[in-house]
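Remarks on the overall topology
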Amino acid sequence: MLQRLAHNRKIHVLVATPSGVSGQGGIDRIMGALKQEFERQEIADIDLRLLSSRGPGHVGLSIFYMLGFCARMLAARLDRRADVIHINISVSGSTYRKMMIAACARLLSIPYVLHLHGAQYQTFWKDDHSFMSRRIRALFEHAGRVIVLGGLWRDFVASRAPANDGNIVIVPNATAVPSLAHVGGGDHVHILFLGRIGERKGVPQLGEALERMKHLRGWRATIAGDGEVEPARARSVALGIADRIAFPGWVGPDEVASLIASADILVLPSFAENLPMSVIEGMAAGLAVVATPVGAVEDIITHEQSGLLVPPGDVAALTEALTRLVEDTALRARLGAAAMAVHRERLELAPFVDAICDVWRSVASEARSVKR
């Protein structure tokens, strides 16, 4: 950890997060966890404020939240309480709003950190010389630091914004150690999916895989999340497996914790991810994980060692992996224990917060050096 700048004034950090600490999305969840751990550690040299940059309502209202963030940034700058702006960024509207926030930060001479979350950023940020691609490159190249979630994303950003190659930092997502004891599914192996229900997360393929397993006794499944809940439920009826799958819709943190504690297998057959929180939450509880090698998943899951990886869209491979885990108690236990060990070593909240704070300290220190 960097030496705390005890002889200097406190570092004031403003964090742009979509809907604030009460938001339901992945960025809001990880930022909310960061704030809780930050307060638990009682970090004295940093003043941290999380502010909404998009808002919880209709996207048409997001411009007002974005302008509100810029207004608060100006007020903080005038009050000498804005040393670093931490900008969480995803695709489409998120990037356009963050361009404005970053432009305001530069106008006010406040350094900013970009924290890349978008699962589909490789296709969104095109490798061409279009106006938008050049504006995104400038956004990344003017950042004091760019935080990415894994090696694939480091290489991607370096290829698109080579002028800032030396300022790219890998900080994987993290979760707390579960507060509930893991009990599993009991007589029936419990297969759990957590995420937005739809095509990108591979839910249709998961339904087909579970249909191919309906002859297999001793399992049940929960597909939890918002999105295309009713179509997925209707599809389970058509496939003849509705009696074995629960669709609770979106669930809050307490319900997520209960589902994970009662699960044996965490499955996420996505076509695109950055570094999914649900996989990390499953690993934290010692669940056997079945996932696809997309985004930074391979940074934390090693096939046959800490989980099972299947190609995106491959229903046969997904069926085989889930069947193996349902039938083989020892395999579930071995993979779950290895996944938990990876979590305790690399994916806990305390080192995550330390790494983020060190980024803020570095950027603030560099900015102060330039001003001297």
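The structure this text deals with has already been given above.
In this report, the structure presented in the accompanying data block is examined. (Residues numbered from 1 in each chain as written. Predicted model: local features only at pLDDT ≥ 70, side-chain atom pairs only at ≥ 80, totals over all residues. Heavy atoms only, no water.)

So, about the sheet that holds strand S3 (residues 84–89). An order of S2-S1-S3-S4-S5-S6 is seen for the six strands of this open sheet, with the pairing classed as parallel. The open sheet has two free edges, formed respectively by strand S2 (46–52) and strand S6 (168–170), since each of these has just one partner strand. The average undirected angle you get between the axes of adjacent strands in this sheet is 20°. Bridge count for strand S1 (residues 11–17) against S2 is seven bridges, and the pairing is parallel. (Pairing = 2+ DSSP bridges. Helix = DSSP H or I, 4+ residues; strand = E, 2+ residues; numbered from the N terminus. Axes fitted to C-alpha atoms, helices over the stretch in contact; angles between N-to-C directions.)

Interhelical geometry of helix H10 (residues 277–284) versus helix H13 (residues 329–346) gives an angle of 105° and a closest axis separation of 7 Å. By the angle between their axes, H10 is roughly perpendicular relative to H13. In this structure, H10 uses Ile 280, Met 283 and Ala 284 to contact H13, whose residues at the interface are Ala 339, Met 340, Val 342, His 343 and Arg 344. (Parallel < 35°, antiparallel > 145°, perpendicular 65-115°, else oblique. Contact = heavy atoms within 4.5 Å.)

Buried residues dominate S1, accounting for seven of its seven residues. Burial of S1 is two-sided: the residues Ile 11, Val 13, Val 15 and Thr 17 facing one way and the residues His 12, Leu 14 and Ala 16 facing the other way are all buried. When S1 meets S3, the two strands line up parallel, connected through four bridges. From the neighbouring strand, Val 15 faces S3, where its bridge partner is His 86. (Buried < 20%, exposed > 50% of the residue type's maximum accessible area, 1.4 Å probe, protein only.)

Now for the packing of aromatic side chains. Using the criterion set out here, one finds seven aromatic pairs in the structure. Residues Trp 153 and Phe 156 carry aromatic rings whose centres are separated by 6.0 Å and whose planes lie at 90° to one another, so their mutual orientation is edge-to-face. With Trp 153 and Phe 156 both in helix H6 (residues 151–160) and three residues apart, the pair spans about one turn of that helix. As far as the burial class goes, Trp 153 and Phe 156 line up, both buried. (Phe/Tyr/Trp six-rings, centres within 6.5 Å; stacked < 30°, edge-to-face > 60°.)

What follows covers the packing of helix H12 (residues 315–327) against H13. Packing of H12 against H13 brings their axes to within 5 Å, and their N-to-C directions diverge by 105°. Between H12 and H13, the interaxial angle falls into the category roughly perpendicular. Between H12 and H13, the contacting residues are Arg 324, Leu 325, Val 326 and Glu 327 on the first element and Thr 329, Leu 331, Arg 332 and Leu 335 on the second. By residue class, the composition of the contact of H12 with H13 is four nonpolar, one polar and three charged. (Nonpolar A, V, L, I, M, F, W, Y, C, P; charged D, E, K, R; others polar.)

Let's shift gears to a nonpolar patch on the surface. A cluster of nonpolar side chains, namely Leu 61, Ile 63, Phe 64, Tyr 65 and Leu 67, defines an oily patch on the protein surface of about 490 Å² accessible area. Inspection of the secondary structure assignment puts Leu 61 in the loop between S2 and helix H2 (62–78). Among the residues examined, Leu 61 registers a relative accessible area of 43% and is labelled partly exposed. (Patch = residues over 30% accessible without salt bridge, like charges linked within 9 Å, V, L, I, M, F, W, Y side chains within 5 Å. Areas by Shrake-Rupley, 256 points an atom, 1.4 Å probe, with all protein chains shown as cover. Salt bridge = Lys/Arg side-chain N within 4 Å of Asp/Glu carboxyl O.)

Next up on the list: the environment of Ala 338. Counting through the fold element by element, Ala 338 comes out in helix H13. For Ala 338, a relative accessible area of 25% puts it in the partly exposed group. Between the C-alpha atom of Ala 338 and that of Trp 125, which follows or precedes it by 213 residues, the distance is 35 Å. The residues contacting Ala 338, other than those within four sequence positions of it, are Gln 305 and Ser 306.

Now for the sheet that holds strand S10 (residues 265–268). In spatial order, the strands read S9-S8-S7-S10-S11-S12; together these six strands make up an open sheet with parallel pairing. Each edge of the open sheet is held by one strand with a lone partner, namely strand S9 (245–249) and strand S12 (308–309). Two strands pair when backbone bridges link them, and strand S7 (residues 189–194) and strand S8 (residues 219–224) are joined in this way by six bridges, in the parallel orientation. Residue pairing for S8: Leu 194 is matched across the bridge by Ala 224. Contacts from H10 reach S7, S10 and strand S11 (288–291) within the one sheet, and its direction differs from that of S10 by about 165°.

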